[in-house]
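Letter by letter, the chains look like this.
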Amino acid sequence: MKNKLNTSSLFSYSLSFLKLKYTLSLISLLGIFGVCIFASEVATGQINYSITKGTENVNINTINGKLDSSSKKNSDNNRYYNIHQFEGKAGEQIVIELNSKDFDAYLILRDSKDKNLAEDNNSGEENNARIVITLPSTGTYKIFATHKARKSGNYQLSWRAASPEDIELAEAARLNQQVLQLLQEGKYNEAIPLAEKALATRQKILVEHPHVVESLNNLAELYKNQGRYPEAEPLYKQSLQMIKRLLGKQHPNVANSLNNLAGLYINQERYSEAEPLYQQSLRIYKQNFGNEHPLVVNSLNNLAVLYTNQERYKEAEPLFKESLEIRKRLLGKEHPDVAVSLNNLASFYQNQGLYPQAEPLYQEFLEIIKRLLGKEHSYVAASLNNLAYLYQSQGR
């Protein structure tokens, strides 16, 4: 019996170790945390929100500044930064926001003794930073306005007393981070009540917003991983419709949500419903990024795996090959993504009994991950098992 190949619900790096039924992802190869959540990193739409209820009479301190060659420079990372100070009292709850259209904002808050109290990169909108904090003592505080990418540009820095809604949203963000960690660890039962609480808070305050979309997807992913498909599906659909309204039907984040829903259908072998979603996602990525982009490659792999599971091999093979060639051109032959594509294509051939075509691909994959991860890594062992099973299938 042929093994089904799997895709992830967001960005597919579909690796099926046929003998061991072992799944390896690019994220695992790199040792970088990643889960199937809404991909806010590709957002470019103009979505803004502010919490005004309860702040009508609150003093808002605003500074318009610029990061450029006249700013201070961090000798460790060559990033520009400006320091702004304010006086605070113990127990005060404040919101600090750093907004810029020119660079990826990053905030650092320190006390008078230069102790780091908080840092943030993307809790604000788009590339903006936001810190909500209760001040631990009375005295002078330093705000470091800096950046993560693109070194210069204008910004607006503001700080004010936090409203009850600010505090609730900060707690929802904290819960969301816990959810992601628990999701990574496979602790779904622990994560679900936290995800439900974060979603309820965001829906109550923000109503319709990318952060609500994120929470909908997180909760849907948890349900999906527990096989609770009837509960996951309406959440994925709700997030898809919301992001269409927020950012427009051709936005890359719409493609991400389409992939989420399609991934759910794949898990249920509802292939005819998944296919148009994957095809639409691929069109959106190509429209936004061109034909040679990592997200385009992921969509090609999604479709190829879908066709393979339907035994539509003639349609799947050119997609696997195309994704491999694009990754080689974009990333070079030694990149982990290239290894992923090699294993995809090898698994595809092995599943059909095309052992001579599969063997050199498995061997190339094995050599790459040896160099990347070392000879003693568990993925190397899994790859060796793949080859052993391949040889056994041929009576070698």
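Anything mentioned here points back to the structure above.
Residues numbered from 1 in each chain as written. Predicted model: local features only at pLDDT ≥ 70, side-chain atom pairs only at ≥ 80, totals over all residues. Heavy atoms only, no water.

Participant: Requested: an account of the pattern of salt bridges, with residues and values cited.
Facilitator: The final tally for this structure, using the stated rule, is 21 salt bridges. Linking Arg 228 and Glu 231 is a salt bridge whose minimum nitrogen-to-oxygen distance equals 2.7 Å. The class of Arg 228 is partly exposed, set by a relative accessible area of 27%. Salt bridges here are not isolated pairs; linked through shared partners, they connect Glu 97, Arg 130, Arg 160 and Asp 166. (Salt bridge = Lys/Arg side-chain N within 4 Å of Asp/Glu carboxyl O. Buried < 20%, exposed > 50% of the residue type's maximum accessible area, 1.4 Å probe, protein only.)

Participant: Describe the packing of helix H2 (residues 164–184) against helix H4 (residues 210–225), with residues and values.
Facilitator: Across the interface, H2 lies against H4 with an axial gap of 11 Å and an inter-helix angle of 25°. What the angle tells us is that H2 and H4 run roughly parallel. Relative to H4, the crossing made by H2 is left-handed. For the pair H2 and H4, contact is made by Asn 176, Val 179, Leu 180 and Leu 183 and by Glu 214, Ser 215, Asn 218, Glu 221, Leu 222 and Asn 225, respectively. In terms of residue class, the contact of H2 with H4 is built from four nonpolar, four polar and two charged. (Axes fitted to C-alpha atoms, helices over the stretch in contact; angles between N-to-C directions. Helix = DSSP H or I, 4+ residues; strand = E, 2+ residues; numbered from the N terminus. Parallel < 35°, antiparallel > 145°, perpendicular 65-115°, else oblique. Left-handed = near helix turned anticlockwise from the far one by under 90°. Contact = heavy atoms within 4.5 Å. Nonpolar A, V, L, I, M, F, W, Y, C, P; charged D, E, K, R; others polar.)

Participant: Just give me the short version of the packing of aromatic side chains, but keep the residues and values in it.
Facilitator: Within a pair of aromatic rings, the relevant descriptors are the distance that separates the centres and the angle that separates the planes. In total, this model carries eight aromatic pairs according to the counting rule given. Consider the rings of Tyr 81 and Phe 144, whose centres lie 5.7 Å apart with planes at 35°: the pair is tilted. One end of the pair, Tyr 81, is in strand E5 (residues 80–88); the other, Phe 144, is in strand E10 (residues 139–149), and 63 residues separate them in sequence. Relative accessible area serves as the criterion here: at 8%, Phe 144 is assigned to the buried category. An aromatic cluster of at least three residues, connected via ring pairs, comprises Tyr 313, Phe 320, Phe 348 and Tyr 349. (Phe/Tyr/Trp six-rings, centres within 6.5 Å; stacked < 30°, edge-to-face > 60°.)

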